[in-house]
Amino acid sequence: MLPIILICIGSLGYWSYTHSRNALYKSEEENMNLLLNEAVHHIISSRYDLLEQAGLTDMPAFVESYQEEVFNELGSLATITNRRYSIIGQDGTPIYCSDSKDPSVLYQWRELAQSQKGQSFGIFQASDGISTLYASAAFDKPDWNWVIFVSRPEAEVTQQVSIIQLVTIGVSLLSILLMGGLLTLVTRRLLIQPINHLQKAAAHISKQEPIDCIDVTSNDELGDLARDMEGMSEAIKNKIEEVQVANRAKSMFLAHMSHELRSPLNSILGYADLALGDKDIQALPQETQNYIKTISSSGNHLMDLIGDILDFSKIEAGELVLEKSALSLAELVEETSSMMVLAAREKNNTLDVTFPDNIHRWVLGDSVRLRQILMNFLSNAVKFTTDGTITLRVSLKSEDEFTQKLRFEVSDQGIGIPKSKQSALFSAFSQADVSTTRNYGGTGLGLAINKQLVLAMDGQIGVDSEEEKGSTFWFEVTLDKTKALFRSQEEVPEHDLTNLHLLLVEDIKVNQIMAKALLEKSGQSVDTADNGFEAVEKVTKNDYDIILMDIHMPDMDGVEATKQIRALADTAKSTVPIIALTADIETSNLKEYIACGMNATCSKPLNMDDLLKTLKRLIHEKSANAA
């Protein structure tokens, strides 16, 4: 039924279009002929007759003046009638156009003008495809041998036809629209809306996003499908909650394990350093000294492995947060390379650094993570190279006013990597060969961590290697340029640390004994406290130059103890410098420690050089404030 109705409406539309078109074209022809007669007889002929009667036809100045009057009147008539008036000489020369001061626009009409003898009506097709309805007449007088055109774009006429056609078929369509609208409402209610709801629900489920309810209540197949999808959504919601709980538990476990693993390692490394630094160490047999050195090196290696595993776990959990602060690239590269010089020399390697002058020295970035990436590349290069050259190279790829794209490369002359193994190098727990772990050690996590760090910086990472010739590990990142930080050239003066009275707050006895021994060996006087309660109590009774505060302790932790100390009424006691001692080196946590009132942080295992520098700085700041 519907096709028959559409055919009828189409036929009606075609008939109305052709009939209306013919009628309008006939009307337009009559109008144009009337306007043409007005132009020829009342304007052009009358002016020529005046010239002829005055005997001025052979005087160019008067002829031009009368022609100019003709052109002006034709222009006014064109404006009133919304038509274009144009004049072309019978020899094809363009003379006048009412809608253009340049009659050369009429060149396309020359051939038509030359073919016109009497009065005519027709359609002119221009080279640009625009069709124009025209009426023309000839005026044949000396020096006035003209063909006069009155024209109008065909589109303006057909537009009227289209309006009539639309009105004609609009009435017919109205009834169909009413019937179709009713049918659409029914279809939309029973079919389209439920399908749209199901489609949106499927999109959420495909992304593992739970939905509360699907607005489909029918008891047909669509209703059954909606209820099944709601069941799937509920299962996804439960699974997401399980994963979130597991991630929170994992994060808590990692934080706890970080403390629990590093604390005994702190003791192992600390006591090993105490033994190696003891003046009586030389009295021990060489084999016993080697045992202690092995304990120290193995402990440091284990500390690195723990750090890799914790870093990778944080990356997997999406907890990696990059810092963006001002740093000196030159200093970063110099410090990083200097840390590996001794290790390179032990294997008879040369470590070269290339840092060109065209690189902007100061940038915004995460210096800790950049150093971590370079250290991993350098340690691998040292590990797999003997009697060779290792090169750390930085180069400028591109730059603009605000940023620069840099390429960092570490090249070695080591064992190289087969091409078949290179694609898997940046995967977790992956190494080029299983025997690599046995021969050289490592977990295979370093490069995987590097890749994730570089990707987090919106960079690229890769390797170029040839077996038995060496490897080049590289990464490219774009860093924002910044101004150099102002650094005072005044060095912190030396302070006598031997008379310092320190309070060491540590809940694990072996760590407490070890730390106290290291500090006393450096000349400090040390009191100890087992938890935060004892620390607050001792601070209220005694005067201390600096407090070394562990973070994770039973009864009262270091953060709460610091807050209570800062709240003491005695200004001398409430302002005593406090250093946080922690195995938890997450940036956000370190900021929390500073925010609660601590003055500095030192990571476990304790590095005595770093700790003594921190003590010296805090004593200097304390003396400067007192002055």
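Heads up: the structure comes first, above all this text.
This is a predicted model, so every value here is computed, not measured.

**Section: the overall build of the protein chain**
For step 1, the next point in the chain: If you tally the helices and strands in the protein chain, you get 17 helices and 17 strands.
For step 2, the next point in the chain: Scored against the burial criterion, the 627 residues of the protein chain give a buried share of 40%.
For step 3, the next point in the chain: Within the protein chain, residue pairs in contact and separated by at least 24 positions form 65% of the contacts whose partners lie at least 6 positions apart.
For step 4, the next point in the chain: Carbon and sulfur atoms make up 54% of the accessible area of the protein chain, which totals about 34700 Å².

**With respect to the nonpolar core**
As a rule of thumb, soluble globular proteins bury nonpolar side chains together.
For step 1, the next point in the chain: Of all hydrophobic cores here, the largest spans 41 residues; its most connected members are Leu329, Phe377, Phe408, Phe473 and Phe475.
For step 2, the next point in the chain: In terms of residues, this core owes the most to one element, helix H8 (residues 367-383), which gives seven residues.
For step 3, the next point in the chain: When near neighbours in sequence (up to four residues on either side) are disregarded, Phe473 contacts Phe377, Phe408, Glu409, Val410, Ile417, Leu425, Phe426, Leu447, Gly462 and Val463.
For step 4, the next point in the chain: By size, the runner-up hydrophobic cluster in this structure holds 31 residues, among which are Leu24, Val70, Ala78 and Ile87.

**A word on the pairing of strand E4 (residues 131-141)**
For step 1, the next point in the chain: For E4, the buried fraction is high: eight of the 11 residues fall into the buried class.
For step 2, the next point in the chain: As judged from the 10 bridges shared by E4 and strand E5 (residues 144-153), these two strands associate in the antiparallel manner. Following the sheet pairing, Ser136 is matched in E5 by Phe149.
For step 3, the next point in the chain: Linking E4 to E5, which pair antiparallel, is a turn of two residues; within it Asp143 sits at a positive phi near 65°.

**Section: the packing of H8 against helix H11 (residues 446-456)**
For step 1, the next point in the chain: In the contact formed by H8 and H11, the axes pass within 10 Å of each other and the chain directions differ by 145°. Viewed along their axes, H8 and H11 form a crossing whose handedness is left-handed. In contact with Arg369, Gln372, Ile373, Asn376, Phe377 and Asn380 of H8, H11 contributes Gly446, Leu447, Ile449, Asn450, Leu453 and Val454.

**Notes on the sheet that holds strand E15 (residues 546-550)**
For step 1, the next point in the chain: A sheet is described by the order of its strands in space; here five strands give the open sequence E14-E13-E15-E16-E17, paired in parallel fashion. Every interior strand has two partners, whereas the edge strands, strand E14 (525-529) and strand E17 (600-603), have only one. Across the sheet, the mean angle separating the axes of adjacent strands is 25° when strand polarity is ignored.
For step 2, the next point in the chain: As defined by bridge partners, strand E13 (residues 501-505) adjoins E14 across five bridges and the pair is classed as parallel. Bridging from a neighbouring strand, Leu504 pairs with Thr528 of E14.
For step 3, the next point in the chain: Along the sheet face, helix H12 (residues 509-521) touches E13, E14 and E15 and points at about 165° away from the line of E14.
For step 4, the next point in the chain: Lying over the sheet, helix H14 (residues 558-566) contacts E15 and strand E16 (578-582), oriented at roughly 150° with respect to E15.

**A look at the packing of aromatic side chains**
Two numbers describe a pair of aromatic rings. These are the distance of the centres and the angle of the planes.
For step 1, the next point in the chain: If you walk through the whole model with that rule in mind, you get 11 aromatic pairs.
For step 2, the next point in the chain: With a centroid separation of 5.6 Å and 35° between ring planes, the pair formed by Phe377 and Phe473 is classed as tilted. Of the two residues, Phe377 is situated in helix H8 and Phe473 in strand E12 (residues 470-481); the sequence distance between them amounts to 96 residues.
For step 3, the next point in the chain: Given a relative accessible area of 2%, Phe377 falls into the buried group.
For step 4, the next point in the chain: With a relative accessible area of 7%, Phe473 lands in the buried category.
For step 5, the next point in the chain: Taken together, the ring pairs connect Tyr48, Phe71, Tyr96, Phe139, Trp144 and Trp146 into an aromatic cluster.

**Focus: the side chain of Gln404**
For step 1, the next point in the chain: Looking at the element boundaries, Gln404 is found in strand E10 (residues 403-411).
For step 2, the next point in the chain: At a separation of 2.9 Å, a polar atom in the side chain of Gln404 contacts the main-chain carbonyl oxygen of His360.
For step 3, the next point in the chain: Residues in contact with Gln404, not counting those within four places in the same chain, are Leu329, Ile359, His360, Val363, Leu396, Ser398, Glu399, Val477, Thr478, Leu479 and Lys481.

**Things to note about the environment of Arg47**
For step 1, the next point in the chain: Note that Arg47 resides in helix H1 (residues 2-54).
For step 2, the next point in the chain: Setting aside anything within four residues of it in sequence, one finds Arg47 in contact with Tyr66, Glu69, Val70, Glu73 and Trp144.

**Comments concerning the pairing of strand E2 (residues 94-97)**
For step 1, the next point in the chain: Both strand E1 (residues 84-89) and E2 contribute to a ladder of three bridges, which runs antiparallel. Its bridge partner lying in E2, Ser86 is registered against Cys97.
For step 2, the next point in the chain: Between the end of E1 and the start of E2, which pair antiparallel, lie four residues, with Gly92 showing a positive phi angle near 95°.

**Comments concerning a nonpolar patch on the surface**
For step 1, the next point in the chain: Together, Tyr271, Val510 and Ile513 line one region of the surface with nonpolar side chains, adding up to about 260 Å² of accessible area.
For step 2, the next point in the chain: Relative to the assigned elements, Ile513 resides in helix H12.

**What to know about H12**
For step 1, the next point in the chain: With 13 residues, H12 should reach 18 Å at 1.5 Å per residue; the first-to-last C-alpha distance of 18 Å fits that figure.
For step 2, the next point in the chain: Among the residues of H12, those classed as buried are Asn511, Gln512, Met514, Ala515, Leu518 and Leu519.
For step 3, the next point in the chain: Directly beyond the C-terminal end of H12, a positive phi value near 105° is found at Gly523.

**As for H14**
For step 1, the next point in the chain: The set of residues buried in H14 consists of Gly558, Val559, Ala561, Thr562 and Ile565. Mapping the buried residues of H14 onto a view down its axis gives an arc of 165°, with all of them on the same face.
For step 2, the next point in the chain: Taking the backbone nitrogen of Val559 as reference, a side-chain oxygen 3.3 Å away marks Asp557 as the first, capping residue of H14.

Criteria and cut-off values
Residues numbered from 1 in each chain as written. Predicted model: local features only at pLDDT ≥ 70, side-chain atom pairs only at ≥ 80, totals over all residues. Heavy atoms only, no water. Helix = DSSP H or I, 4+ residues; strand = E, 2+ residues; numbered from the N terminus. Buried < 20%, exposed > 50% of the residue type's maximum accessible area, 1.4 Å probe, protein only. Contact = heavy atoms within 4.5 Å. Areas by Shrake-Rupley, 256 points an atom, 1.4 Å probe, with all protein chains shown as cover. Core = buried A, V, L, I, M, F, W, Y, C linked by side-chain atoms within 4.5 Å. Pairing = 2+ DSSP bridges. Axes fitted to C-alpha atoms, helices over the stretch in contact; angles between N-to-C directions. Left-handed = near helix turned anticlockwise from the far one by under 90°. Phe/Tyr/Trp six-rings, centres within 6.5 Å; stacked < 30°, edge-to-face > 60°. Polar contact = N/O pair within 3.5 Å; in protein donor to acceptor, adjacent residues only side chain to side chain. Patch = residues over 30% accessible without salt bridge, like charges linked within 9 Å, V, L, I, M, F, W, Y side chains within 5 Å. Salt bridge = Lys/Arg side-chain N within 4 Å of Asp/Glu carboxyl O. Expected span 1.5 Å × (residues − 1). Arc of directions from axis to C-beta.

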